[in-house]
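Chain by chain, the residues run as shown.
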Amino acid sequence: MQQILSSWNALGGRQRMVVIGATLAMTLAVFGLSRMATAPNMALLYAGLENGAAGEVVTALEGRNVPFDVRGGAIFVPESERDALRLTLASEGLPANGGQGYELLDSLSGFGTTSQMFDAAYWRAKEGELARTIVSNPQIASARVHIANSSANPFQRDVSPSASISVSTTGGVISAQQARALRFLVASAVPGMTPEDVSVIDGKGGLIGADAEGGAGPSADDKALALRDRVQRLVEARVGTGNAVVEVSVDTVTESELIRERSFDPEGRVVVSTDTEEMTDRSQNTGGGEVTVASNLPDGEAAGPESSTSQSSETRERVNYEISETTREITRAPGAIRRLTVAVLVNGTVETAADGSQSFVPLPETEQAALRDLVASAVGFDEARGDQITIRSLPFERAEGLGSGPATPGLFAGGINMMRLIQMGVLALVALILGLFVVRPVLSRAPDAAAHGALPAPGRDAAPSAALDGEIEPEGGFDNLPVLADQPDFSSMGMADFDAPAEEDPVERLRGLIAERKDETVEILRSWLEDEREEAR
């Protein structure tokens, strides 16, 4: 303690201010480090809530004395208490959902409620229930559903209901598959509605899953994305994650086509009906003879009678045949694949030579051929259609080195708040700089100043504790110094150091020697003081 007090008394006013400021800064830095080390990790409780619902949640947290932090529109609580708070607040009906569902029908009474009022409340309740179901997806922050129903006008015919869905996601844009699922969800809840009558609008991506005209199904980009993911999984299973890049281009048909075809097969005759007709004709003629003079005589010979017979027969057959006929009507809607191209880039391996140099070795041709067959089977390759598959093995350019694997999560990924570690590191660095470059030099100079301050200047009646004023050379030079023959040996001081260049200041050189040989300098000055006292007596 005495040494600290002596060091403090040896400091000047400016040095004392520096020491006090540095001490306060180090104290604040250590305090901040302790606060950050003991502060709990804050995790997201709720985000995207309406003002009223967020205020109710904050009030509930204050009533439970739970520390929380509000950052923009998000509420953060300690990570260890987040799950329990969500369950507890949910049991109390918090956060309250702004959109109401079927509870709207509970407020309707039988008196004073018309059919129009009931229909309006019913469709509002339907929209609220659908919005609640959509928001239950963790990727969707908010949703609104609008249903256009024409049942209020009974005189309209052939009018189907339609709907629109507006969503806001917590991350990126929802995919076409998710939008298609939302359309089927709403269409299944409304009678007479089809998925084609439902539109999905994302606040970040606009109209999602917009099909081609006529409802042809997924677009070319959706098909290319699905095929790319399929090929990516297949190739990475062999070459490893991050060692393959796949790109798929799909050329689809954009126009619709109607084909009607009618063909006849002359060889394919079919008997439809057979008609057979048979006719028979038979006739007999008996004549009386000719009239002559003999036939008139009583005793004359008359001519005998003459007769004839005729018969005919006829058969007719009619056969009706039907020629084979084929009629086809083909409708080709937009969206069919016209041409498919697949490009696959795979990484190879790296071989290290004896001298430490690295060389890239591409994937063997046999493996590339095997991968090509797998890719062709995965995408439905059709050579007659003009499809093309290209596989190349080239080195990947990575900052971490040639041929190195994909980046892996760090040691503290997901477990520790990296921002907090950075803040603690900055505060620790500030405290270290203050301690090493401010406080330590000041305190280290204090004992030296105290040691030098005990030496009075020669020829002055100063107290032993008086500090040197920096003026060592007396007036008139060093000619009046006593003979040093009887003094202690000064050979250890390195007097050869005085052989310095002529342009160097001798006073500065002497000060440097005194700083290097403190003990010898004290002995010299002490001997001078004793000699002066003896002469004074």
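Preceding this paragraph is the structure being described.
Residues numbered from 1 in each chain as written. Predicted model: local features only at pLDDT ≥ 70, side-chain atom pairs only at ≥ 80, totals over all residues. Heavy atoms only, no water.

So, unusual backbone geometry
Even without a glycine there, the phi angle at Asn-65 is positive, about 60°. Within the element layout of this structure, Asn-65 appears in the loop between α3 (51-63) and β2 (69-71). Accessibility expressed as a relative area gives 69% for Asn-65, which makes it exposed. (Helix = DSSP H or I, 4+ residues; strand = E, 2+ residues; numbered from the N terminus. Buried < 20%, exposed > 50% of the residue type's maximum accessible area, 1.4 Å probe, protein only.)

Section: the packing of helix α7 (residues 220-239) against helix α8 (residues 365-379)
Taken N-terminus to C-terminus, the directions of α7 and α8 make an angle of 150°; their axes are 10 Å apart at the nearest point. As summarised for this structure, α7 and α8 are arranged roughly antiparallel, according to the angle between their axes. The hand of the α7/α8 crossing is right-handed. Across the interface between the two elements, Leu-227, Arg-230, Val-231, Leu-234, Val-235 and Arg-238 from α7 touch Glu-367, Leu-371, Leu-374, Val-375, Ala-378 and Val-379 from α8. Residues of the contact of α7 with α8, tallied by class, amount to nine nonpolar, no polar and three charged. (Axes fitted to C-alpha atoms, helices over the stretch in contact; angles between N-to-C directions. Parallel < 35°, antiparallel > 145°, perpendicular 65-115°, else oblique. Left-handed = near helix turned anticlockwise from the far one by under 90°. Contact = heavy atoms within 4.5 Å. Nonpolar A, V, L, I, M, F, W, Y, C, P; charged D, E, K, R; others polar.)

Thoughts on the nonpolar core
Among the nonpolar cores identified, the biggest contains 21 residues, and Ile-134, Ile-147, Ile-165, Val-167, Leu-182 and Met-193 are the most heavily contacted of them. For this core, the secondary structure elements donating two or more residues are α5 (115-135), β4 (140-148), β5 (162-169), α6 (176-189) and β6 (198-202). If we ignore the near neighbours within four places in the chain, the residues touching Ile-165 are Ile-134, Arg-144, Val-145, Leu-182, Val-186, Val-198, Ser-199, Val-200 and Ile-201. Counting residues in hydrophobic clusters, the runner-up holds 20 residues, among them Val-235, Leu-340, Leu-363 and Ala-376. (Core = buried A, V, L, I, M, F, W, Y, C linked by side-chain atoms within 4.5 Å.)

Examining the environment of Ala-244
By the secondary structure assignment, Ala-244 is in strand β8 (residues 244-252). Judged by relative accessible area, Ala-244 falls into the buried class, the value being 5%. Sequence separation between Ala-244 and Ser-393 is 149 residues; the distance between their C-alpha atoms is 9.2 Å. In contact with Ala-244, not counting residues within four places along its chain, are Gln-232, Val-235, Glu-236, Val-239, Leu-345, Val-346 and Phe-396.

Thoughts on α3
With 13 residues, α3 extends 18 Å between its outermost C-alpha atoms, agreeing within 8% with the 18 Å of an ideal straight helix rising 1.5 Å per residue. Restricting attention to buried positions, one finds in α3 the residues Ala-53, Val-57, Val-58, Ala-60 and Leu-61. Seen end-on, α3 carries its buried residues on one side only, within an arc spanning 160°. Set apart from the buried face of α3 by more than 90 degrees, the exposed residues are Asn-51, Thr-59 and Gly-63. (Expected span 1.5 Å × (residues − 1). Arc of directions from axis to C-beta.)

Here we look at the sheet that holds strand β1 (residues 42-47)
Read from one edge to the other, the open sheet built from three strands follows the order β1-β3-β2, with strand pairing classed as antiparallel. If you trace the sheet from one side to the other, it starts and ends with β1 and β2, each paired once. Adjacent strand axes in the sheet meet at a mean angle of 35° when their direction is disregarded. In the sheet, β1 pairs with strand β3 (residues 74-78) via five bridges, with the strands oriented antiparallel. Across the sheet, residue Ala-43 finds its bridge partner in β3, namely Val-77. Strands β1 and β3 of the sheet are contacted by α3, whose axis makes an angle of about 20° with β3. (Pairing = 2+ DSSP bridges.)

Structural notes on the pairing of strand β11 (residues 337-346)
On any regular strand, side chains alternate: one points to one face of the sheet, the next to the other face. In terms of strand pairing, β8 meets β11 through nine bridges, oriented antiparallel. Paired with Val-250 across the strands is Leu-340, a residue of β11.

Topic: the pattern of salt bridges
In the structure shown here, the tally under the stated rule is twelve salt bridges. Across the pair Arg-64 and Glu-92 runs a salt bridge whose closest N-O atoms are separated by 2.3 Å. Taken together, the positions of Arg-64 in the loop between α3 and β2 and Glu-92 in the loop between α4 (82-91) and α5 put the pair 28 residues apart, joining distant regions of the chain. Here Glu-92 falls in the partly exposed class, since its relative accessible area comes to 45%. Its salt-bridge partner being Arg-71, residue Asp-69 comes within 2.9 Å of it at the nearest N-O pair. The exposure class assigned to Asp-69 is partly exposed, which follows from its relative accessible area of 29%. Of the residues examined, Arg-71 reaches a relative accessible area of 43% and is grouped as partly exposed. (Salt bridge = Lys/Arg side-chain N within 4 Å of Asp/Glu carboxyl O.)

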